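Chain and residue survey
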Amino acid sequence: MSHVLSTYLGILPNTTEAGVLRLLVQTGVTAVGAGEGSLLVLDEASGVLRFAMTIGSSEQTLLGQTVPLGEGITGLAAATHQVQIGAPTFGGVRQDDAKRAGPEAVIAAPMLVGETLVGVMTAVSFKEGKRFTSADGSLYGGLATIAGVVVDQRRRLAAYEGEHSDVPAALSTLAGPERQVLESLRRVSAQRPAAIRQLAAILAAVETLALGEG
Amino acid sequence: MSAGSLKAALDEGFEVLSRRTLAPIEVAVLDSGIDASHPDLVGRIARAFAVEVVDGKAEVKEVEVGINNDAYGHGTGVASIIARIAPNARIIDVRVLGAANSGAAAATLAGLRLALTHRWKVVNLSLALAGSSITELQALCERAYYQDQILVAARRNMPISDDGFPAELSSCIGVDNEEFEDPLRFRYQSSDKIEFIAHGEEVTVAAPGGGYTTVVGTSFATPAISGICAVIVGAFNDLSPFEVKSFLKTISDA
């Protein structure tokens, strides 16, 4: 969980922000009478949503798994930037025939930073006959909106700190190119945390090349 | 249409109106696509298009009719409501939502331009665009209005800074949702940008693959109004958008 949250949202583990996000999912799950809830983050490069946080019995099985952006109610919420409410599919219009395995009711609410999607919060119920209402969707959507604000504020603060903090003493002792690389890393980490993974891959490749040549 | 025949239609009410001989009306559904093979929709989809955003540019292509063209199931549900209410609706499937277009206003704007080019009489938009698209969107909606096209659009399910565009625009018919015992009933509210409220709670709709599901939200109240508009203009096909909106207000619940 901590790795996914920090990589894609810039939210470090054991911070107030991580605690608030969990509290928002927990509050939403309780308020709408869902059995489970989760927070998925957008991995734009891979075209998937990744489970970063879950509440309920599926916690261990879902963490780290992905949902394609082009599928299901979670993908629909991501595509439309709108709260979506879903129920199972039945064979007949009377909806009294055998059901497929799966949840009875789902809410998927987008987490937005401005007009940019950063994730989706879901609430799921397996209770037979359970249906979520528009009021449930509005409430859960409101909590997802607050979650988006939490992420936005964290990013703004990190960007501010990156721009305005003094260069640590250790950096000032480094030579030009080393200092340049570390300062660049600090800025990327503060402003585009999702890009750190790509930078790490590039550095690893450079390291392999350099050691190979050496 | 004479004032007398309009008065007679209003007196008849919607249910009697829908039993008149209705002219076929093209209703474009800008959504996630439609499963045209669903039993409720077989023979109801006249044409199908897909819009995809590639490198920031929207590309439109006509696709095969009669197959499952739905990325999420949303458009199939929306289309099934229109088909149920308006027997004269010739539905045009315009897929603007998909994994590749996630949140991309460009796809919806391209779909709307397509609808304007073809002058499809009713356009259902069970979606909302971000405020940053407002300039182009407003120009397109104005153009549609002056071309006598009727745009019906959903209020955001979770409004924060706005109620959703194009639903807020006066050139469109904006729709909110609540529960009505009769799914053909709806309300008019004069003091709101979103002027109509239709049935959008626990609506049974067609699901891709031939089944049915229950849905909730403004997305599914909007096609109820689109279907009613298709019946109205099917009965009186020279009505302007202003007249259709007035007609809706007159037959709405107090």
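The sections below set out a description of the structure shown in this document. What you see is a predicted model, and the numbers here were worked out from it, not measured in a lab. (Residues numbered from 1 in each chain as written. Chains lettered and ligands numbered in written order. Predicted model: local features only at pLDDT ≥ 70, side-chain atom pairs only at ≥ 80, totals over all residues. Heavy atoms only, no water.)

Notes on the pattern of salt bridges
As a reminder of what qualifies: When a carboxyl oxygen of Asp or Glu lies within 4 Å of a side-chain nitrogen of Lys or Arg, that pair is called a salt bridge. The numbering of helices and of strands both runs from the N terminus, where a helix is a DSSP run of H or I of at least 4 residues and a strand a run of E of at least 2. Each residue gets one of three labels from its accessible area relative to the maximum for its type: buried under 20%, exposed over 50%, partly exposed in between, using a 1.4 Å probe on protein chains only.
By the definition in use, this model includes 15 salt bridges over all chains. Between E104 of chain A and R131 of chain A there is a salt bridge, with the nearest N and O atoms lying 3.4 Å from each other. With E104 of chain A in the loop between β5 (89-90) and β6 (105-113) and R131 of chain A in the loop between β7 (116-125) and α5 (134-164), this residue pair connects regions lying 27 residues apart in the sequence. In this structure E104 of chain A comes out as buried when scored by relative accessible area, which is 7%. Residue class for R131 of chain A comes out buried when judged on its relative accessible area of 18%. Salt bridges linked by common partners bring R155, D163 and D176 of chain B together as one network.

Here's the deal with the interface of chain B and chain A
This is how the line gets drawn: Contacts are residue-level and defined by heavy atoms, with any inter-residue pair within 4.5 Å sufficient. In short, buried area is how much 1.4 Å probe accessible area vanishes from two parts on joining, totalled over both. What qualifies as a polar contact is a pair of N or O atoms within 3.5 Å, subject to a donor-acceptor requirement within protein and to the restriction that residues adjacent in sequence count only when both atoms come from side chains.
Contacts between the two partners involve 30 residues from chain B, matched on the other side by 32 residues from chain A. Taken together, both faces of the contact between chain B and chain A bury some 2,400 Å²; the carbon and sulfur share is 52%. Among the residues of chain B in contact with chain A, Y72, M158 and Y212 of chain B are the three that bury the most area, contributing 26% of the side total. Counting across the interface, chain B meets chain A through zero salt bridges. Along the contact surface separating chain B from chain A lie nine residue pairs in polar contact (both at pLDDT 80 or more).

Overview of the packing of aromatic side chains
Residue and element names in this part refer to chain B. Quick reminder of the rule: Pairing of aromatic rings covers Phe, Tyr and Trp, the last counted by its six-membered ring, and requires centre-to-centre distances within 6.5 Å; plane angles under 30 degrees mean stacked, over 60 mean edge-to-face, and any other angle means tilted.
Counted by the stated rule, this structure contains five aromatic pairs over all chains. Measuring from ring centre to ring centre gives 6.2 Å for F236 and F247, while their planes differ by 40 degrees; the resulting arrangement is tilted. You can see F236 sitting in the loop between α6 (218-235) and α7 (241-251) and its partner F247 sitting in helix α7, a full eleven residues away along the chain. For F247, a relative accessible area of 3% gives the class buried.

Focus: the sheet that holds strand β1 (residues 25-31) of chain B
All names here are of chain B. Quick reminder of the rule: Two strands qualify as a pair provided DSSP detects at least 2 bridges between them. Axis lines are fitted through C-alpha atoms, for helices just across the contact stretch, and the angle between N-to-C directions can take any value from 0 to 180 degrees.
Reading across from one edge, β3-β2-β4-β1-β5-β6-β7-β9-β8 is the order of the nine strands in this open sheet, with mixed pairing throughout. Only two strands of the sheet have a single partner each, and these edge strands are β3 (57-63) and β8 (186-188). Within this sheet the neighbouring strands show an average axis-to-axis angle of 25 degrees, counted without direction. Pairing analysis gives seven bridges linking strand β2 (residues 45-54) to β3, with the strands arranged antiparallel. Paired with V53 across the bridge in β3 is A58.

Quick word on the state of the cysteines
Residue and element names in this part refer to chain B. Cut-off, in case you're wondering: When the sulfur atoms of two cysteines come within 2.5 Å, that pair is taken as a disulfide.
As enumerated under the stated definition, the model contains zero disulfides over all chains in all. Sulfur of C141: no disulfide; nearest cysteine sulfur belongs to C172 and is 3.7 Å away. When its relative accessible area of 0% is taken as the criterion, C141 is described as buried. Its sulfur unpaired, C229 is 11 Å from the next cysteine sulfur, which belongs to C172. Given the relative accessible area of 0%, C229 is considered buried.

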